[in-house]
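One-letter residues, chain by chain:
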Amino acid sequence: MSAAAPATPERVIDDGETLRVLFVHAHPDDESSKGAATMAKYVDEGAEVLVVTCTDGSRGDIQNPHVVDEAHPKRDMAGARRLEMDNAARILGVRQTWLGFVDSGLPEGEPLPELPDGCFALQPLDVAATPLVSLIRSFRPHVVVAYDENGGYPHPDHIMSHKVAVEAYHAAGDPERYPGTGPAWQPSKLYYDCGLGLERMRALRDAARAEGLDIQGLEWIDGWLESKAEPLHIPTTRIEAGAWFERRDAALKAHRTQIDPDGFFFAFPDELQRRVWPYEEFALIDSKVGDTVPETDLFAGLR
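Here is a short report on the structure shown in this document. (Residues numbered from 1 in each chain as written. Predicted model: local features only at pLDDT ≥ 70, side-chain atom pairs only at ≥ 80, totals over all residues. Heavy atoms only, no water.)

### A few points about the overall build of the protein
And step 1. Scanning the protein from N- to C-terminus turns up ten helices and seven strands.
And step 2. Relative to its length of 303 residues, the protein is compact, with a C-alpha radius of gyration of 19 Å against a globular reference of 19 Å.
And step 3. Expressed as a percentage of its 303 residues, the buried residues of the protein come to 51%.
And step 4. Residue pairs in contact within the protein that sit at least 24 positions apart in sequence constitute 82% of those at least 6 positions apart. (Helix = DSSP H or I, 4+ residues; strand = E, 2+ residues; numbered from the N terminus. Rg over C-alpha atoms; globule rule 2.2 N^0.38 Å. Buried < 20%, exposed > 50% of the residue type's maximum accessible area, 1.4 Å probe, protein only. Contact = heavy atoms within 4.5 Å.)

### Points about the sheet that holds strand S3 (residues 95-101)
And step 1. With mixed pairing, seven strands are arranged side by side in an open sheet as S3-S2-S1-S4-S5-S7-S6. The strands lining the two open edges of the sheet, one partner per strand, are S3 and strand S6 (237-240). Here the strands of the sheet are splayed against their neighbours by 25° on average, with no regard to which way each runs.
And step 2. In the sheet, strand S1 (residues 20-25) pairs with strand S2 (residues 48-55) via six bridges, with the strands oriented parallel. Note on S2: the bridge partner recorded for Val24 is Val52.
And step 3. Taken strand by strand, helix H4 (residues 77-92) contacts S2 and S3, and its axis lies near 155° from that of S3. (Pairing = 2+ DSSP bridges. Axes fitted to C-alpha atoms, helices over the stretch in contact; angles between N-to-C directions.)

### Topic: helix H6 (residues 156-171)
And step 1. If you check H6, its first and last C-alpha atoms are 22 Å apart, about what 16 residues at 1.5 Å a residue would give, namely 22 Å.
And step 2. Within H6, 13 of the 16 residues are buried, which leaves it mostly tucked inside the rest of the structure. (Expected span 1.5 Å × (residues − 1).)

### Regarding the state of the cysteines
And step 1. Within this structure, the stated rule accounts for zero disulfides.
And step 2. You can see Cys119 has no disulfide; the closest cysteine sulfur is in Cys54, sitting 13 Å from it.
And step 3. Look at Cys119 and you get buried, because its relative accessible area is 0%.
And step 4. Not engaged in a disulfide, the cysteine Cys194 finds its nearest cysteine sulfur in Cys54; these two sulfurs lie 18 Å apart. (Disulfide = S-S within 2.5 Å.)

### Some details on the packing of aromatic side chains
And step 1. Enumeration according to the criterion identifies six aromatic pairs in this entry.
And step 2. Judged by centre distance (5.1 Å) and plane angle (80°), the ring pair of Tyr42 and Phe299 falls under edge-to-face. With a gap of 257 residues between them, Tyr42 in helix H2 (residues 36-44) and Phe299 in the segment after strand S7 (279-287) connect regions that are remote in the sequence. Like Phe299, Tyr42 is buried.
And step 3. With centroids separated by 6.2 Å and ring planes inclined at 20°, the aromatic side chains of Trp220 and Trp224 adopt a geometry described as stacked. Of this pair, Trp220 and Trp224 both sit in helix H8 (residues 218-227), four residues apart, which is roughly one turn of that helix.
And step 4. Residue Trp220 is classed as exposed on the basis of its relative accessible area of 53%.
And step 5. On the basis of relative accessible area, Trp224 is assigned to the buried category, the value being 14%. (Phe/Tyr/Trp six-rings, centres within 6.5 Å; stacked < 30°, edge-to-face > 60°.)

Okay, here's the thing in C-alpha cells:
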C-alpha cells in the first residue's frame, strides 16, 4: 500500500451520506466471478454499487455446452451478453454501465496473433481512460476496486482494465487533467481484487478431501497450487460474505454463454465454503484516509 495522508474531515463520510463503490471489470461475467458476494452484501446494507464493464464481450466463445446450439449468441454475441449482464446486475442488485470498447479477444497459438484493430487493449491510455474519469467524476465513488497489474490473469483486456482503472483513479481528482469530463473527484481508496487466493484454494481443497467429497477438478487444483507463484499483492481486506454466495452463484449462472452450471465454478458446495472460507479478499493499494489494514470493510476509515 502506498503512503497515506492522515484522514481529514473532508474524507470521512457524514452520517447521512450514502457509501459508494465502483468495481471496474473487463467483460460481462467478470463482475459475477470476482467480488460478487461483496457487491450484493453492500447493496443490501444500503451502499451504492456501480459496475463498469469495459468491453462488450463480443469476442468471447460459447463456454457452456448447454447453449452451443442457441442462435442468438452465434448471430450476435455482444447482444446476448448484454442481456446476460442485465440479468446478473438485477440479481446482484447493482447498477451497471458500459465503458464502450470492443472486446480484444484472447490471442492463442504460436506465435500469438496480433490483436484486432480498434479493440480495447490497443487503445491509447488517455482515450480508454477518458470515459472512466468522466464516470468517476459523476458517480463520485469513495472506493474503486480494480484488477492487479496482471489483470487477475493475463488477458489483454484485463491488463488494460487495470491500467485504465489506476489512471482514472489518480487523474479524476486532478482538475487539470481530462478537461471536459466534469468537476474533479478523488476517490478515497483503491483496491485490487484477490479472488483466486492461494490460502482460499488450499483451504477448500483440503476440506473437501478431509470430508471425502468427490469434487471435480481437485487434481487440477493440486497442480495449480504447485505451479502458482506468490501473489503480486497480499490481501489486506477480508469481507465476510458467505450469506451472499447463492446470489453470487445465480448471477454467474446468468451469464449463460460463458458459464457451465455443471462446471468447476460450482464444484465446492456453498455450505462447505461458508464453513471453511466465507470470505472475499482484496488488497488495499492506495488510501487517502490513513492505514486501516487489516480490514473487514472496504469502507474502513470512511464511516
